[in-house]
Amino acid sequence: MSKELAGKIALVTGGNSGIGLETARGLAARGAKVTIAARDRAKGQVAVEDVQKSTGNADVELLVLDLADLASVRSAAATFRASHAQLHILVNNAGLVLSEKRLTKDVFEATFGTNHLGHFLFTYELLSLLKASAPARIVNLSSDAHRQSKGLDFADLMRERKAYSTIEAYADSKLANVLFTLELSRRLEGSGVTAYAVHPGVVATGFARDGDTAGWMEWLIRLGSPFLLTPAKGALTSLYCATAPELATVSGRYYAKSREKEPTKYGKDAAAAQKLWEVSEKLVGIAA
Ligand SMILES: NC(=O)c1ccc[n+]([C@@H]2O[C@H](COP(=O)([O-])OP(=O)(O)OC[C@H]3O[C@@H](n4cnc5c(N)ncnc54)[C@H](OP(=O)(O)O)[C@@H]3O)[C@@H](O)[C@H]2O)c1
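I will try to describe carefully the structure that is included in this document. (Residues numbered from 1 in each chain as written. Predicted model: local features only at pLDDT ≥ 70, side-chain atom pairs only at ≥ 80, totals over all residues.)

## Quick word on the overall build of the protein
And then number 1: Within the protein, the secondary structure is distributed over 9 helices and 8 strands.
And then number 2: Whereas a compact globule of 288 residues would reach a radius of gyration of roughly 19 Å, the protein reaches 17 Å, a difference of no more than 12%.
And then number 3: The C-alpha extent of the protein, read off along each of the three principal axes, is 50 × 45 × 35 Å.
And then number 4: Within the span of the protein, comprising 288 residues, buried residues form 50% of the whole.
And then number 5: Counting contacts in the protein only where the partners sit at least 6 residues apart, residues at least 24 apart contribute 76% of the total. (Helix = DSSP H or I, 4+ residues; strand = E, 2+ residues; numbered from the N terminus. Rg over C-alpha atoms; globule rule 2.2 N^0.38 Å. Buried ≥ 20, exposed ≤ 12 C-beta atoms within 10 Å, placed from the backbone. Contact = placed C-beta atoms within 7 Å.)

Right, dumping it as structure tokens:
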């Protein structure tokens, strides 16, 4: 274990598998105290022990967090705040793609509800802690799939008026991650808290294989498997954004292969980013 991140406190959502697990491992290997947030306690506990053993860092713990349930999001953030005086690195990594339309506990379309709204509220609830810990960083896992989005349809964010499309729902949720990053950077200017959106590459993880998707999409993923990155390589851009000294004063940008990359014009739309924040506040019930 190195001492590069000694004294730093990090939290990774969806840290029990895939890119999130390797991100948590990478942070723990650099000496950070790491919280793995997972929706399933048993899976999360296995990940905690795995990271502790492989890194020799005992400072790894579990936080139960279901991003598809706002009560769970609020309670997980409160639990974390109650037991930690600081948070230096928040990696909003969890995500899903759904072949059929589903709803979250709070009756949001589940892709947008989990990938964006859950992380929006979780981050919001941890903002004071991040600011008090500055310099601090927020890393949001997006995807080059955001390029398939033609902008958010604010009149129908829950897809009640259109036929459900897996790709469109996922692409919109990943565009929301880019816009959230942009608006975070605007709102956090001068606070010492910076935000980054990440495309991890195309990575061989459990993503889209656990019953959330079926049929042609699973087939496509299996077909591409020999060309996919390992989860450890898929975690490199998240780790770069979480730690690189040269990014200390940069915020609101999009990264792939540990380099800045242009998002689409929809991902640079500052008015849409501001609107998404305001609409998200209302949806999750944050008082103005
Ligand atoms: N794999 C790729 O090629 C790729 C490409 C571009 C972007 N990404 C992004 O990378 C991120 C990580 O994906 P991955 O490839 O590592 O997939 P993964 O192995 O399926 O990991 C996804 C993680 O998200 C968690 N999660 C799903 N729904 C949740 C909820 N309601 N509450 C809390 N956690 C939840 C999963 O928990 P469970 O284990 O309990 O299901 C899992 O830990 C995602 O945001 C994805 O959009 C991946």
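Moving on from the coordinates now.
## Side note on unusual backbone geometry
And then number 1: The amide bond that connects A134 to the next residue, P135, takes the cis arrangement and shows omega of 5°.
And then number 2: Along the chain, P135 turns up in the loop between α4 (110-132) and β5 (136-141).
And then number 3: Its identity is not glycine, yet V107 carries a phi of approximately 65°, on the positive side.
And then number 4: Summarising the element assignment, V107 is placed in the loop between β4 (89-92) and α4.
And then number 5: Notably, S258 is not glycine yet its phi reads approximately 55°, a positive angle.
And then number 6: On the secondary structure map, S258 appears in the loop between β7 (253-256) and β8 (259-261).

## Examining the sheet that holds strand β2 (residues 33-38)
And then number 1: Pairing is mixed across the open sheet formed by 8 strands, whose spatial order is β3-β2-β1-β4-β5-β6-β7-β8. Since the sheet does not close on itself, it has two edges, and those belong to β3 (60-64) and β8, each with one partner. With direction set aside, neighbouring strand axes in the sheet form an average angle of 25°.
And then number 2: Two elements, strand β1 (residues 9-13) and β2, share 5 bridges in a ladder whose sense is parallel. Looking across to β2, one finds that I9 is bridged to K33.
And then number 3: Its contacts with the sheet put α4 on β1, β4, β5 and β6 (193-199), and the angle it makes with β4 is roughly 175°.
And then number 4: Where helix α5 (residues 166-187) meets the sheet, its contacts fall on β5, β6 and β7, and the angle it forms with β6 comes to roughly 165°. (Pairing = 2+ DSSP bridges. Axes fitted to C-alpha atoms, helices over the stretch in contact; angles between N-to-C directions.)

## Observations concerning helix α2 (residues 41-55)
And then number 1: If you check α2, its first and last C-alpha atoms are 21 Å apart, about what 15 residues at 1.5 Å a residue would give, namely 21 Å.
And then number 2: Among the residues of α2, those classed as buried are G44, A47, V48, V51 and T55. Down the axis of α2, the smallest arc covering the buried residues is 105°, so these residues share one side. Along α2, exposed side chains directed more than 90 degrees from the buried face belong to A42, E49 and K53.
And then number 3: Where α2 ends, the next residue or the one after it, G56, has phi of about 75°, a positive value. (Expected span 1.5 Å × (residues − 1). Arc of directions from axis to C-beta.)

## Here's the deal with the packing of helix α1 (residues 18-29) against α2
And then number 1: Where α1 contacts α2, the axes come no closer than 9 Å and their chain directions differ by 40°. Classified by the angle between their axes, α1 and α2 sit oblique to one another. Once α1 is placed against α2, the crossing between them reads as right-handed. Across from L21, A24, R25, A28 and A29 in α1, the residues of α2 making contact are A47, V51, S54 and T55. (Parallel < 35°, antiparallel > 145°, perpendicular 65-115°, else oblique. Left-handed = near helix turned anticlockwise from the far one by under 90°.)

## Some details on the nonpolar core
And then number 1: L27, V34, I36 and L179 are the most contacted members of the largest nonpolar core, which totals 78 residues.
And then number 2: Top element by residues in this core is α5. It accounts for 10 residues.
And then number 3: Excluding residues within four positions of it along the chain, V34 makes contact with A10, V12, A24, L27, A28, V51, D59 and V60. (Core = buried A, V, L, I, M, F, W, Y, C linked by C-beta atoms within 7 Å.)

## A look at the site of the ligand
And then number 1: Residues in close proximity to the ligand total 29 residues, the closest being G14, G18, A94, G95 and F207.
And then number 2: Top contributing element to the shell around the ligand by residue count: α1, with 3 residues.
And then number 3: Among the residues making up the shell around the ligand, the classes are represented as 12 nonpolar, 12 polar and 5 charged. (Near = placed C-beta within 6 Å. Nonpolar A, V, L, I, M, F, W, Y, C, P; charged D, E, K, R; others polar.)

## Here we look at the pairing of β5
And then number 1: With respect to burial, β5 is a largely interior element, 6 of its 6 residues being buried.
And then number 2: Here β5 shows a buried face lined by A136, I138 and N140 and a second buried face lined by R137, V139 and L141.
And then number 3: For β4 and β5, the ladder comprises 4 bridges, and the chain directions are parallel. Bridging across to β5, L90 finds its partner in I138.

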